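Overview (structure and organization)
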Amino acid sequence: MTPSVDPAPYRGPDPRAVRGMFGAIAHRYDLLNHLLSASVDRYWRARAVSLIASQSPRAGDRCLDLCTGTGDLAIAITRRLGLETVGSDFCHAMLVESARKTRRLGKEPRVRLAEADAQALPFAGSSFRFATVAFGIRNVESPEAVLAEIHRVLVPGGVAVILEFSRPVVPGFRATFDFYFNHVLPRVGAWVSGVDGPYRYLPESVRRFPSQEDLAAMVGAAGFRHVRYRNLTGGVAALHWGAKPHAPTADPYPGGSTPSM
Ligand SMILES: C[S@@+](CC[C@H](N)C(=O)[O-])C[C@H]1O[C@@H](n2cnc3c(N)ncnc32)[C@H](O)[C@@H]1O
């Protein structure tokens, strides 16, 4: 399917509102994630970890988990693959939850945390072999800026992995899921978290966010190659990935001369 050309690129909400929203639900975030998805969110993150495993990670490779929130993906990567992971997020309260969890699980030395805006990262270029974002890129003001930062901090050949809610692709299932997502989830979310806005914002933002094909096109436009995606749970979520190209090899025939055959 050809990606549609949208002259107005997706823009997330005001970053201060996003930070405040996650700050307000941080203490209930994990509970609600697992409750509202019947723990399917764990399976989706496990698929992201399996994708990294399929890229033959080597000892010493580092992974940056952007918009890490309470750290579930960062912890899963370190637990399963033994990689050193840096989890970064701009919401202090979410990072506090993450720190508590990594301490409890004894993963503290291998999962480091950094308070940072994903659109302006405090990391040197070419410093990570993998970069992941789970359910984060939809919440940033400019997904293009995040993709550009991921591209900058990855080593050549490094792999970006994006897990995000998407568009269900199975018609009968889509109608049922939409009813749950638009009507049931916001009510349960508000009731358990005690805050009204965030779980109304979730389906609204997913509706506005680019489709699987359009996100793949965005990842490609950010300079990644071999961009692919896979639908998870009938497209409720999708896993996108792409590689930062190796530096172009020097022109073997500078000046335009070519060897005679
Ligand atoms: C839905 S949560 C996802 C958390 C986690 N990755 C997960 O899989 O559950 C989105 C996270 O993105 C963070 N976030 C949103 N915009 C951000 C930005 N511009 N820079 C850094 N973090 C951001 C929020 O603070 C929040 O913790």
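Keep in mind that this is a model prediction, so the values were computed, not measured. (Residues numbered from 1 in each chain as written. Predicted model: local features only at pLDDT ≥ 70, side-chain atom pairs only at ≥ 80, totals over all residues. Heavy atoms only, no water.)

Once that is clear, we can look at the overall build of the protein. Scanning the protein for helices and strands turns up nine helices and seven strands. Taken against the 2.2 N^0.38 rule, which gives 18 Å for 261 residues, the C-alpha radius of gyration of the protein at 19 Å falls within 12% of a compact globule. Considering only C-alpha atoms, the protein reaches an extent of 75 × 45 × 30 Å along its principal axes. The buried share of the protein, reckoned over its 261 residues, is 48%. Put simply, of all contacts in the protein between residues at least 6 apart along the chain, 75% involve residues at least 24 apart. For the protein, the accessible area works out to roughly 12500 Å², and carbon and sulfur atoms hold 58% of it. Of the side chains in the protein, 31 bear a positive and 23 a negative charge, and the two mean positions are spaced by 6 Å. (Helix = DSSP H or I, 4+ residues; strand = E, 2+ residues; numbered from the N terminus. Rg over C-alpha atoms; globule rule 2.2 N^0.38 Å. Buried < 20%, exposed > 50% of the residue type's maximum accessible area, 1.4 Å probe, protein only. Contact = heavy atoms within 4.5 Å. Areas by Shrake-Rupley, 256 points an atom, 1.4 Å probe, with all protein chains shown as cover. Lys, Arg positive; Asp, Glu negative; His and termini not counted. Charge placed at Lys NZ, Arg CZ, Asp CG, Glu CD.)

The final tally for this structure, using the stated rule, is two cavities of 30 Å³ or more. Along the walls of the largest cavity sit 31 residues, with C67, T68, G69, D89 and G136 positioned nearest its centre. Listing elements by their share of the lining of the largest cavity, those giving two or more residues are α1 (15-25), α2 (29-36), β1 (62-66), α4 (72-81) and β2 (84-89). It is α1 that contributes the most residues to the lining of the largest cavity, three residues altogether. Split by residue class, the lining of the largest cavity holds 16 nonpolar, nine polar and six charged. Of the voids in this model, the second largest cavity is the one considered here, and its volume is about 30 Å³. Taken together, E164, F165, S166, F209, P210, S211, Q212, L215, A238 and H240 form the lining of the second largest cavity. Where the lining of the second largest cavity is concerned, the elements lending two or more residues are β5 (154-165), α9 (212-221) and β7 (237-243). (1 Å grid on protein atoms, 1.4 Å probe; cavity = no way out; pocket = protein on both sides within 12 Å on 5 of 7 lines; lining within 4 Å. Points joined across faces, edges and corners; volume = space filled by probe spheres on them. Nonpolar A, V, L, I, M, F, W, Y, C, P; charged D, E, K, R; others polar.)

Sheet topology places strand β6 (residues 225-232) next to β7; six bridges connect them, and they run antiparallel. By the bridge assignment, R225 is partnered in β7 with A243. Connecting β6 to the next strand, β7, in antiparallel fashion are four residues, including T233 with a positive phi near 50°. (Pairing = 2+ DSSP bridges.)

This part covers the packing of α2 against helix α7 (residues 171-193). At a minimum axis separation of 11 Å, α2 and α7 run at an interaxial angle of 150°. α7 is crossed by α2, and the crossing has right-handed handedness. Facing L31, L32, L35 and L36 of α2, the residues of α7 in contact are Y180, L185, V188, G189, V192 and S193. Of the residues contributing to the contact of α2 with α7, the split by class is eight nonpolar, two polar and no charged. (Axes fitted to C-alpha atoms, helices over the stretch in contact; angles between N-to-C directions. Left-handed = near helix turned anticlockwise from the far one by under 90°.)

This next bit is on a nonpolar patch on the surface. Residues V169, V170 and F173 make up a contiguous nonpolar surface patch of about 230 Å² in total accessible area. By the element assignment, V169 lies in the loop between β5 and α7. With a relative accessible area of 44%, V169 lands in the partly exposed category. (Patch = residues over 30% accessible without salt bridge, like charges linked within 9 Å, V, L, I, M, F, W, Y side chains within 5 Å. Salt bridge = Lys/Arg side-chain N within 4 Å of Asp/Glu carboxyl O.)

Neighbouring strands of a sheet are bound in pairs by backbone hydrogen bonds; such pairs are parallel or else antiparallel. In spatial order, the strands read β3-β2-β1-β4-β5-β7-β6; together these seven strands make up an open sheet with mixed pairing. Edge strands, defined here as strands with exactly one partner in the open sheet, are β3 (111-115) and β6. In this sheet, neighbouring strand axes are inclined to one another by 15° on average, regardless of whether the strands run parallel or antiparallel. Summarising the sheet, β1 and strand β4 (residues 128-134) pair through four bridges and their orientation is parallel.

This part takes up the site of the ligand. If you check the shell around the ligand, you find 20 residues, and the closest are Y29, C67, D89, A118 and A134. Side-chain polar atom of R45 to an oxygen atom of the ligand: 3.0 Å apart, as the coordinates give it. One of the backbone N or O atoms of C67 is found 2.7 Å from a nitrogen atom in the ligand. Expressed as a share of its isolated accessible area of 600 Å², the protein-covered part of the ligand is 97%. Comparing atom positions with the cavity grids shows the ligand to sit within the largest cavity. Those elements that place two or more of their residues in the shell around the ligand are α1 and α2. (Near = heavy atom within 4 Å. Polar contact = N/O pair within 3.5 Å; in protein donor to acceptor, adjacent residues only side chain to side chain. Sits in = over half its atoms within 2 Å of the grid points.)

Turning next to the pattern of salt bridges. Side-chain pairing between opposite charges can occur once the charged atoms of the two side chains come close. Overall, the coordinates contain 13 salt bridges when judged by the stated rule. We note a salt bridge from R45 to D72, for which the minimum N-O separation is 3.8 Å. Here R45, found in helix α3 (residues 40-53), pairs with D72, found in helix α4; they are 27 residues apart in sequence, far enough to count as distant. Across the pair R129 and D61 runs a salt bridge whose closest N-O atoms are separated by 2.7 Å. With a gap of 68 residues between them, R129 in strand β4 and D61 in the loop between α3 and β1 connect regions that are remote in the sequence.

Keep in mind these values describe shape, not function.
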